[in-house]
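Observations on chain architecture
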Amino acid sequence: MDRITRGLVAGAAGTTALNMVTYLDMALRGRPASSTPEQSVERLADVAGVDLGEGEKAENRKAGLGPMLGFGTGLGAGLLYGLLSGRRRLPRPVGTAVLTGLAMAGSSAPMTALGLTDPRQWSATDWASDVVPHLAYGAVAAHVYAALN
């Protein structure tokens, strides 16, 4: 299996882990889903000049496209990891750290650039809500990538 495919498969597995940890956190703490993915879609559509429609249709499109941004980030981080690491076998803790960082940067950097969030103002709880699922992403993606190598 080539490194691009390994990266994509690892990214998909990591994204599944991230989503599971996020939904478990929501269930345990009774917290709502984040609105930033939908806000990102709205802002990106505005920047690109794309009309999402009106009313319920626009809301449904944002609700559908928001999670797609997350899938794109997870697959993209895995793909980039595959391209960067190549055939080298990185120690799993290093791979976990790199993949966690790629996924966090891939999700937070665009939202920060769009003015939707500012990590400098996050509370400890906000950071934990972001780091823990991304760490699950990194650990699972690193494990899968190594298993496929």
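To be clear, the structure that these remarks concern was listed above.
Read on for a plain summary of the structure. Because the structure is predicted, anything quoted here is derived from the model rather than measured. (Residues numbered from 1 in each chain as written. Predicted model: local features only at pLDDT ≥ 70, side-chain atom pairs only at ≥ 80, totals over all residues. Heavy atoms only, no water.)

The next subject is the overall build of the protein chain. Secondary structure assignment for the protein chain yields 5 helices and 0 strands. If you list the helices and strands of the protein chain from N to C, you get α-α-α-α-α. On C-alpha atoms alone, the protein chain measures out to a radius of gyration of 16 Å, which is about the 15 Å that the 2.2 N^0.38 rule sets for 149 residues. Its C-alpha atoms give the protein chain principal-axis dimensions of about 50 × 35 × 25 Å. For the protein chain, buried positions account for 34% of its 149 residues. Expressed as a percentage of contacts within the protein chain between residues at least 6 apart in sequence, the contacts between residues at least 24 apart total 78%. The average position of the 13 basic charges and that of the 12 acidic charges among the side chains of the protein chain differ by 15 Å. (Helix = DSSP H or I, 4+ residues; strand = E, 2+ residues; numbered from the N terminus. Rg over C-alpha atoms; globule rule 2.2 N^0.38 Å. Buried < 20%, exposed > 50% of the residue type's maximum accessible area, 1.4 Å probe, protein only. Contact = heavy atoms within 4.5 Å. Lys, Arg positive; Asp, Glu negative; His and termini not counted. Charge placed at Lys NZ, Arg CZ, Asp CG, Glu CD.)

The terminal C-alpha atoms of helix α4 (residues 92–113), which comprises 22 residues, lie 31 Å apart, in line with the 32 Å expected from a rise of 1.5 Å per residue. If you follow the buried residues of α4, they end up packed against α2 (36–48), α3 (55–85) and α5 (124–148). (Expected span 1.5 Å × (residues − 1).)

Our next topic: the pattern of salt bridges. Tallying each qualifying case throughout the model produces 5 salt bridges. With a closest N to O distance of 2.5 Å, Asp25 and Arg31 form a salt bridge. The salt bridge involving Arg120 is made with Asp118; its shortest N-O contact spans 2.9 Å. Because the salt bridges share partners, they merge into one network encompassing Asp25, Arg29 and Arg31. (Salt bridge = Lys/Arg side-chain N within 4 Å of Asp/Glu carboxyl O.)

Moving on to a nonpolar patch on the surface. A cluster of nonpolar side chains, Ile4, Leu8, Leu65, Met68, Phe71, Leu75, Leu80, Leu83 and Leu84, forms an exposed patch at the surface whose accessible area comes to about 740 Å². Looking at the nonpolar patch, the elements that each hand over two or more residues are α1 (3–29) and α3. Positionally, Leu65 belongs in helix α3. (Patch = residues over 30% accessible without salt bridge, like charges linked within 9 Å, V, L, I, M, F, W, Y side chains within 5 Å. Areas by Shrake-Rupley, 256 points an atom, 1.4 Å probe, with all protein chains shown as cover.)

Once that is clear, we can look at the environment of Asp51. Within the secondary structure layout, Asp51 lies in the loop between α2 and α3. Sequence spacing of Asp51 and Trp122 is 71 residues, and the spatial spacing of their C-alpha atoms is 32 Å. At 2.9 Å, the side chain of Asp51 forms a polar contact with the backbone nitrogen of Gly53. (Polar contact = N/O pair within 3.5 Å; in protein donor to acceptor, adjacent residues only side chain to side chain.)

Another aspect to go through is the packing of α2 against α3. As a packed pair, α2 and α3 sit with axes 8 Å apart at the nearest point and diverge in direction by 100°. In this view, α2 runs roughly perpendicular relative to α3, as classed from their interaxial angle. In this structure, α2 contributes Pro37, Glu38, Ser40, Val41, Glu42 and Leu44 to the contact, and α3 contributes Lys62, Ala63, Leu65, Gly66 and Leu69. (Axes fitted to C-alpha atoms, helices over the stretch in contact; angles between N-to-C directions. Parallel < 35°, antiparallel > 145°, perpendicular 65-115°, else oblique.)

Further remarks concern α3. Helix length check: α3, at 31 residues, gives a terminal C-alpha distance of 45 Å against a target of 45 Å (1.5 Å per residue), a fit within 8%. Three or more residues of α3 are buried, namely Ala58, Lys62, Gly66, Gly74, Ala77, Gly78, Tyr81, Gly82 and Ser85. Those residues of α3 that are buried lie in contact with α1, α2, α4 and α5. Gly86 sits one or two residues past α3 and shows a positive phi near 55°.

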